[in-house]
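Understanding the architecture of this molecule
One letter stands for each residue in the lines below.
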Amino acid sequence: MDQNQHLNKTAEAQPSENKKTRYCNGLKMFLAALSLSFIAKTLGAIIMKSSIIHIERRFEISSSLVGFIDGSFEIGNLLVIVFVSYFGSKLHRPKLIGIGCFIMGIGGVLTALPHFFMGYYRYSKETNINSSENSTSTLSTCLINQILSLNRASPEIVGKGILNAIAMIGPIIGFTLGSLFSKMYVDIGYVDLSTIRITPTDSRWVGAWWLNFLVSGLFSIISSIPFFFLPQTPNKPQKERKASLSLHVLETNDEKDQTANLTNQGKNITKNVTGFFQSFKSILTNPLYVMFVLLTLLQVSSYIGAFTYVFKYVEQQYGQPSSKANILLGVITIPIFASGMFLGGYIIKKFKLNTVGIAKFSCFTAVMSLSFYLLYFFILCENKSVAGLTMTYDGNNPVTSHRDVPLSYCNSDCNCDESQWEPVCGNNGITYISPCLAGCKSSSGNKKPIVFYNCSCLEVTGLQNRNYSAHLGECPRDDACTRKFYFFVAIQVLNLFFSALGGTSHVMLIVKIVQPELKSLALGFHSMVIRALGGILAPIYFGALIDTTCIKWSTNNCGTRGSCRTYNSTSFSRVYLGLSSMLRVSSLVLYIILIYAMKKKYQEKDINASENGSVMDEANLESLNKNKHFVPSAGADSETHC
């Protein structure tokens, strides 16, 4: 009997174990698919950031316009994010996520398509569509006493910390791909690369940006597939799902029930819409929530604007190519960022911080991040030495303005095209706009590295070796500036660590300062504001201010102003770092006001609670005193016992 009972119990336990297994498998599949979609999303965002420089140069557009293109990534999210946050729980969420991933993937592929319709990239006026003509024979040198014909070119919270941490894999992949593809020439596979005379360190270099978007788009499409095979509620056991489905089928078989269901559905829709606007009004009239949205908007705008143009900043300030910046700033800093997010959540949980404590912790991390950010001002390199833009052509004197710098006697008879940008580096350490404006009379031909000789503008600077030569490309930064770049990377690690340390607190504060039933809507609206006013606008106004520091513009195929070839690196740094710092300081002011308001609100709640408690205690004491002096009669006693 004992053995039979044991077998019966085992048989009964097996179905329950199978149910649990199916339940766990469904949930695990959903989490795995969701993790893959998070990676795809962050990969797409990083791909855009790392490709901005190349898109700007390839299509000859300004930083403000490319900033708008970057911000357009958020426009699609902006159109649906609030409604999805509110109605998402009522729809088939896995399929909804899958559709979103599929659309995002198609968008990535479409972004790459212009490359296939634009023809070959022309990095100089003298380059032609025929790649065999991209040689040094087309480079203009000093033509004394000759007339040069100038022709213009015709051209749940823990689950969400975990998911965000997993999503960090996306940026690592994105930065790695960005570094790899930025070293490849844009027209790879279409032209003879041996005829391309520019290198990745040249300010006109355009990498294979379109490969980034093809890889990112295809990955997003693949990540969407699992969602279409998942149930509407992956966390519900299969038996319950079948029971609810069967019940739904039985109910809909009756014609009367169908009519009743349609009526109820109409009422529910009206009720949901009305409830949506009431809930929306409730969060907008919550002063703590509104204040927190504003301060995070300022803070995140600073992060987005700075990150959008960090590769351009590194290139202009430290002379480092974007391929190197992608590896150092991506692969090194992203793991630190993920570690900061984990540690921030652990600290809040370990010390059991209340709402005010979380706000103080978030403010502390913002202060530390700003402190490290301000250190960037102390590791700036000197302004570039570019003859005709930052100093006179003879290289002896700086100029107050880059506009209309007069020619020198060393190149005034060379009949040069001053609008051309074909930089050469003289062995005096000065960059010249072109070989012609350097007064160079001859070149080494197609032999690489390309060298120009008999450069008269180098002669007047007092070189003693009488080797007045220049090689193609801008002059590299000195060793002191290169060392400052590595200090920049180290400070960037600490800055991002403290920024990430306070990242978890943002989500927790939103959840705690609104009513529990409004959490999803509050998070959705917060995300919408950040995307609209931060993700879309920040790259635009950052780019517009950066454009004001340009000292040499290219001319596009339409004969109008194209992209910037080089910047005043000192002015660039002041604008880039100054604007980001001002946004962060403004957010800290709002942090202080928020903490003060939160303290006041919760102290009032505590006082009211204590007053209500004392009143109840007094009432209870009076009741006890009355009962003490009351002598019950027999009838009363009998009633009490009854």
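What comes next is a walk through the structure.

About the criteria used
- Residues numbered from 1 in each chain as written.
- Predicted model: local features only at pLDDT ≥ 70, side-chain atom pairs only at ≥ 80, totals over all residues.
- Heavy atoms only, no water.
- Helix = DSSP H or I, 4+ residues; strand = E, 2+ residues; numbered from the N terminus.
- Buried < 20%, exposed > 50% of the residue type's maximum accessible area, 1.4 Å probe, protein only.
- Areas by Shrake-Rupley, 256 points an atom, 1.4 Å probe, with all protein chains shown as cover.
- Pairing = 2+ DSSP bridges.
- Phe/Tyr/Trp six-rings, centres within 6.5 Å; stacked < 30°, edge-to-face > 60°.
- Lys NZ or Arg CZ within 6 Å of the ring centre and 35° of its normal.
- Expected span 1.5 Å × (residues − 1).
- Contact = heavy atoms within 4.5 Å.
- 1 Å grid on protein atoms, 1.4 Å probe; cavity = no way out; pocket = protein on both sides within 12 Å on 5 of 7 lines; lining within 4 Å.
- Points joined across faces, edges and corners; volume = space filled by probe spheres on them.
- Nonpolar A, V, L, I, M, F, W, Y, C, P; charged D, E, K, R; others polar.
- Core = buried A, V, L, I, M, F, W, Y, C linked by side-chain atoms within 4.5 Å.
- Disulfide = S-S within 2.5 Å.
- Axes fitted to C-alpha atoms, helices over the stretch in contact; angles between N-to-C directions.
- Parallel < 35°, antiparallel > 145°, perpendicular 65-115°, else oblique.
- Left-handed = near helix turned anticlockwise from the far one by under 90°.
- Salt bridge = Lys/Arg side-chain N within 4 Å of Asp/Glu carboxyl O.

Quick word on the overall build of the protein
- Helices and strands together make up the secondary structure of the protein, namely 18 helices and eight strands.
- Residues counted as buried form 45% of the 642 residues belonging to the protein.
- For the protein, the exposed area adds up to about 32900 Å²; of that, 62% sits on carbon and sulfur atoms.

Let's talk about the sheet that holds strand 6 (residues 470-472)
- In space, the six strands of this open sheet follow the order 1-3-2-6-5-4, with mixed pairing throughout. Looking at which strands have only one partner, the edges of the open sheet turn out to be strand 1 (386-387) and strand 4 (442-443).

Quick look at the packing of aromatic side chains
- The full count for this structure, using the stated rule, is 26 aromatic pairs.
- Judged by centre distance (6.1 Å) and plane angle (85°), the ring pair of Y313 and Y318 falls under edge-to-face.
- Taken together through their ring pairs, the aromatic side chains of Y313, Y318, Y373, Y376, F485, Y486, F488, Y567, F572 and Y576 make up a single cluster.
- Of note, R561 hangs over the ring of W553, and the distance from its end group to the ring centre comes to 3.7 Å.

Comments concerning the pairing of strand 7 (residues 550-555)
- Among the six residues of strand 7, five are classified as buried, and the element is accordingly described as predominantly covered.
- Where strand 7 and strand 8 (residues 561-567) come together, four bridges link them in antiparallel fashion. The residue of strand 8 that forms the bridge with T555 is R561.
- Two successive antiparallel strands, strand 7 and strand 8, enclose a turn made up of five residues, where G559 displays a positive phi of approximately 80°.

Points about helix 12 (residues 355-374)
- Along its 20 residues, helix 12 runs 29 Å from first to last C-alpha, staying within 8% of the 28 Å computed at 1.5 Å per residue.
- For helix 12, the tally of buried residues reaches 14 of 20 residues, placing the bulk of the element in the interior.

Things to note about the side chain of S179
- With respect to the secondary-structure elements, S179 resides in helix 5 (residues 169-183).
- Beyond its immediate chain neighbours, meaning those up to four positions away, S179 contacts S323, N326 and I327.

As for the layout of surface pockets
- Looking at the second largest pocket, its volume works out to about 960 Å³.
- Lining the second largest pocket are 40 residues, with T201, E474, C475, P476 and R477 positioned closest to its centre.
- Those elements giving two or more residues to the lining of the second largest pocket turn out to be helix 10 (310-318), strand 6 and helix 14 (479-501).
- Broken down by element, the residue count for the lining of the second largest pocket peaks at four residues, all from helix 14.
- Among the residues making up the lining of the second largest pocket, the classes are represented as 17 nonpolar, 13 polar and ten charged.

Here's the deal with the nonpolar core
- Y185, Y289, F488 and Y576 are the most contacted members of the largest nonpolar core, which totals 100 residues.
- Apart from residues lying up to four places away in sequence, Y289 is in contact with I283, I510, I513, V514, A522, F525 and H526.
- If you look at the next biggest cluster of nonpolar residues, it comprises 28 residues, including V405, I430, F452 and I551.

Let's talk about unusual backbone geometry
- A positive phi angle, close to 50°, is found at K352, a residue other than glycine.
- Tracing the backbone shows K352 in the loop between helix 11 (322-350) and helix 12.
- Here K352 falls in the exposed class, since its relative accessible area comes to 73%.
- Backbone geometry at N415 places phi at a positive 55°, although glycine is not the residue there.
- Tracing the backbone through its elements, the reader meets N415 in the loop between strand 1 and strand 2 (424-426).

Focus: the state of the cysteines
- Within this structure, the stated rule accounts for six disulfides.
- For C410, the disulfide goes to C457, at an S-S distance of 2.0 Å. Here C410 and C457 share a disulfide; its torsion about the S-S bond, 85°, makes the bridge right-handed. Of the two residues, C410 is situated in the loop between strand 1 and strand 2 and C457 in helix 13 (residues 456-459); the sequence distance between them amounts to 47 residues.
- Classification of C410 as buried rests on a relative accessible area of 7%.
- For C457, a relative accessible area of 0% gives the class buried.

Regarding the packing of helix 5 against helix 11
- Closest axis-to-axis distance for the helix 5/helix 11 pair is 8 Å, and the angle between their directions is 170°. In terms of their interaxial angle, helix 5 and helix 11 are classed as roughly antiparallel. In this structure, helix 5 contributes P171, I172, F175, T176, G178, S179, S182 and K183 to the contact, and helix 11 contributes S322, S323, N326, I327, G330, V331, I334 and P335.
- Across the contact of helix 5 with helix 11, the residue classes break down as seven nonpolar, eight polar and one charged.

Here's the deal with the packing of helix 11 against helix 14
- In the contact formed by helix 11 and helix 14, the axes pass within 7 Å of each other and the chain directions differ by 30°. As the angle between them shows, helix 11 and helix 14 are arranged roughly parallel. In this structure, helix 11 crosses over helix 14, and the sense of that crossing is right-handed. The segment helix 11 lies against helix 14, with K324, L328, L329, I332, T333, I336, F337, G340, M341, L343, G344 and I347 engaging F485, Y486, F488, V489, Q492, V493, L496, F497, A500 and L501.

Some thoughts on the pattern of salt bridges
- If you walk through the whole model with that rule in mind, you get nine salt bridges.
- We note a salt bridge from R57 to E315, for which the minimum N-O separation is 2.5 Å. Both residues of the pair, R57 and E315, count as buried.
- Taking the shortest distance from any N to any O, the salt bridge between R204 and D202 comes out at 3.0 Å.
- Here R204 falls in the buried class, since its relative accessible area comes to 0%.
- Residue classification places D202 among the buried positions, given a relative accessible area of 6%.
- A network of salt bridges, in which partner residues are shared, links R197, D202, R204 and E422.

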